[in-house]
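One letter stands for each residue in the lines below.
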Amino acid sequence: MRDAEVGVDIPEHLLGLLRDFELALVTAGEDFWARRIGEIRPAIAAGDPYAVQRLFTSFGGSGSLSDLQLDGDAHRMSSEIYLIAGETWRQIRHAN
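This is a predicted model, so every value here is computed, not measured. (Residues numbered from 1 in each chain as written. Predicted model: local features only at pLDDT ≥ 70, side-chain atom pairs only at ≥ 80, totals over all residues. Heavy atoms only, no water.)

K.L.:
Would you mind going over the pattern of salt bridges in detail, with residue names and values included?
P.N.:
Applying the stated criterion across every chain yields a total of 6 salt bridges. In this structure, the salt-bridge partner of R90 is E87, at a minimum N-O distance of 3.6 Å. A residue pair is termed a helical-turn pair when its members lie 3 or 4 positions apart in one helix, as R90 and E87 do in helix α4 (residues 72–95) at 3 residues. Among the charged side chains, a salt-bridge network with shared partners connects D73, R76 and E80. (Salt bridge = Lys/Arg side-chain N within 4 Å of Asp/Glu carboxyl O. Helix = DSSP H or I, 4+ residues; strand = E, 2+ residues; numbered from the N terminus.)

K.L.:
Describe the nonpolar core, and please don't skip the residues or the numbers.
P.N.:
Grouped together as the largest cluster of nonpolar side chains are 29 residues, with contacts concentrated most on L14, F21, L25, I44, L55 and I81. Of all elements in the fold, only α1 (12–27), α2 (31–45), α3 (49–57) and α4 reach the threshold of two or more residues within this core. (Core = buried A, V, L, I, M, F, W, Y, C linked by side-chain atoms within 4.5 Å. Buried < 20%, exposed > 50% of the residue type's maximum accessible area, 1.4 Å probe, protein only.)

K.L.:
Tell me about the confidence of the model for the chain, and name the residues and values.
P.N.:
When the pLDDT values of the chain are averaged, the result is 90; 91% of them are 70 or greater. Mean pLDDT across the secondary structure elements of the chain bottoms out at strand β1 (residues 2–3), with 49, and peaks at α2, with 96. (pLDDT = per-residue confidence, 0-100.)

K.L.:
I'd like a rundown of the side chain of S64, residues and numbers included.
P.N.:
With respect to the helices and strands, the residue S64 is situated in the loop between α3 and α4. Polar contacts involving the side chain of S64 include one to the main-chain carbonyl oxygen of F59, which spans 3.2 Å. In contact with S64, not counting residues within four places along its chain, are W33, S58 and F59. (Polar contact = N/O pair within 3.5 Å; in protein donor to acceptor, adjacent residues only side chain to side chain. Contact = heavy atoms within 4.5 Å.)

K.L.:
For the packing of α2 against α3, give the residues involved together with the corresponding values.
P.N.:
Packing of α2 against α3 leaves a shortest axis separation of 8 Å and a crossing angle of 150°. Here α2 lies roughly antiparallel to α3, going by the angle between them. At the point where α2 passes α3, the crossing takes the left-handed sense. Within the contact between the two elements, α2 uses R36, I37, I40, A43 and I44 and α3 uses A51, V52, R54 and L55. Here the residues of the contact of α2 with α3 are counted per class, giving 7 nonpolar, no polar and 2 charged. (Axes fitted to C-alpha atoms, helices over the stretch in contact; angles between N-to-C directions. Parallel < 35°, antiparallel > 145°, perpendicular 65-115°, else oblique. Left-handed = near helix turned anticlockwise from the far one by under 90°. Nonpolar A, V, L, I, M, F, W, Y, C, P; charged D, E, K, R; others polar.)

K.L.:
Before we move on, could you go through the environment of H94 and cite the residues and values that matter?
P.N.:
Following the sequence through the fold, H94 ends up in helix α4. Only 2.7 Å separates the side chain of H94 from the backbone oxygen of R90, close enough to count as a polar contact.

This is the structure we're talking about:
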């Protein structure tokens with residue numbers, strides 16, 4: 001998916017990962033984070049470049065996504081989302 005405003009490709013794979021991650025968070029009882037991902041995902045799908053920033057910054061600081069003790073697929077998805085969001089946000093920042 002390409003955001004025409006900033007000229008950066010937002011990986012389609014990210015949206016599927018976020019959908020699956022949201023479900024994994026619900027299963028893990030992490031309702032706050034499931035809701036947050038549920039708010040960010042459609043904004044990214046709509047092309048909001050700052051939703052990518054919100055996603056990426058959700059992994060930093062105390063009480064962040066990085067602090068969650070996730071198992072198996074949820075942990076793998078979290079790591080992959082972090083890497084994709086970080087790279088995409090760097091591209092967005094450099095495009096402006």
